[in-house]
Amino acid sequence: MEPVAKPRERFTRKDYEQLPEDFRAELIEGDLVMVPAPDPSHQSLLGVLHACLLGHLGRQARHRLLVSPVDLHIDDENIVQPDLLVLPEGTRARKRPWRIPHPVWIAEVLSPKTASRDRGVKLRLYARVGVREAWLVDPDAETVEVRPLGLEENDGAVVPAHPYRRGEVAVSRELVGLAVPVDELFDLEG
């Protein structure tokens, strides 16, 4: 008699919500993925990008700009934590419990352990819920890849990502006027 393969257990939002508040994880396609704390250089880089967005958004930043860890509920089998996100204009923070609306812009600071997930499944999930732009910040390559999500040219072709390098200024299509010198992100000593 052949052994019967046990079906893989799929986790859901209900399971995820039972986790302790300080347990860092994401729920991706029914899999519970533990997320280790980022290293100090990741956090430093994220802090510089956060400061750039604070300056750009001004008074709106209080209600629209969030930094991880914050749960972004995609559906019952997908809850992710982008490093930085901007909510739609007019968003106002609410008293708890408050489930945030889907963002219009996100940033992920890549690390060797998370880069393939950040570039792959998470970008697809973000596009599915209407995120219009993702910035993939790569500390190793010292680039900022600006990825339009869900946009197509008149001929139906997907708008390509644009990688910005040192000496260039990363420009957002979604957050009009947001322009971040790439050197400013990676010159952490200055």
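Rules and cut-offs
- Residues numbered from 1 in each chain as written.
- Predicted model: local features only at pLDDT ≥ 70, side-chain atom pairs only at ≥ 80, totals over all residues.
- Heavy atoms only, no water.
- Buried < 20%, exposed > 50% of the residue type's maximum accessible area, 1.4 Å probe, protein only.
- Helix = DSSP H or I, 4+ residues; strand = E, 2+ residues; numbered from the N terminus.
- Salt bridge = Lys/Arg side-chain N within 4 Å of Asp/Glu carboxyl O.
- Pairing = 2+ DSSP bridges.
- Axes fitted to C-alpha atoms, helices over the stretch in contact; angles between N-to-C directions.
- Contact = heavy atoms within 4.5 Å.
- Polar contact = N/O pair within 3.5 Å; in protein donor to acceptor, adjacent residues only side chain to side chain.

## Topic: helix H5 (residues 121-128)
Line of reasoning, step 1. Of the residues making up H5, those classed as buried are Val121, Lys122, Leu123, Leu125 and Tyr126.
Line of reasoning, step 2. A positive backbone phi angle near 95 degrees is found at Gly130, which sits one or two residues after H5.

## Quick word on the pattern of salt bridges
Line of reasoning, step 1. Taken as a whole and assessed by the stated rule, the structure comprises 13 salt bridges.
Line of reasoning, step 2. For Glu145, the salt bridge identified is with Arg147, shortest N-O distance 3.2 Å.
Line of reasoning, step 3. On the basis of relative accessible area, Arg147 is assigned to the partly exposed category, the value being 25%.
Line of reasoning, step 4. Among the charged side chains, a network of salt bridges with common partners joins Glu26, Glu108, Arg117, Asp118 and Lys122.

## Some remarks on the pairing of strand S9 (residues 143-148)
Line of reasoning, step 1. For S9, a buried count of five out of six residues is recorded, marking the element as mostly surrounded by other parts of the structure.
Line of reasoning, step 2. Bridge count for strand S8 (residues 133-138) against S9 is six bridges, and the pairing is antiparallel. Residue pairing for S9: Leu136 is matched across the bridge by Glu145.
Line of reasoning, step 3. Counting the residues that bridge the hairpin from S8 to S9 gives four residues, and of these Glu142 lies at a positive phi of roughly 55 degrees.

## Considering the sheet that holds strand S7 (residues 105-109)
Line of reasoning, step 1. Across the sheet, six strands lie side by side as S3-S6-S7-S8-S9-S10; this open sheet has mixed pairing. Edge positions in the sheet fall to strand S3 (65-67) and strand S10 (162-164), since each of these pairs with one other strand and no more. Strand-to-strand twist across the sheet, computed as the mean angle between neighbouring axes with direction ignored, equals 15 degrees.
Line of reasoning, step 2. Of the strands in this sheet, S7, S8 and S9 touch H5, which is tilted by about 170 degrees from S7.

## Thoughts on unusual backbone geometry
Line of reasoning, step 1. Residue Pro69 is reached from Ser68 by a cis peptide bond, and omega for that bond is 5 degrees.
Line of reasoning, step 2. Structurally, Pro69 is set in the loop between S3 and strand S4 (72-75).
Line of reasoning, step 3. Non-glycine residue Glu142 carries a positive phi angle of around 55 degrees.
Line of reasoning, step 4. Residue placement: Glu142 occurs in the loop between S8 and S9.
Line of reasoning, step 5. Residue Glu142 is classed as partly exposed on the basis of its relative accessible area, which comes to 27%.

## A look at the side chain of Asn78
Line of reasoning, step 1. For Asn78, the location among the structural elements is in strand S5 (residues 78-80).
Line of reasoning, step 2. Residue Asn78 is classed as buried on the basis of its relative accessible area, which comes to 4%.
Line of reasoning, step 3. One polar contact links Asn78 to Asp75, side chain to side chain, over a distance of 2.9 Å.
Line of reasoning, step 4. Those residues in contact with Asn78, other than ones at most four positions away along the chain, are Leu27, Ile28, Glu29, Leu72, His73, Leu125 and Arg128.

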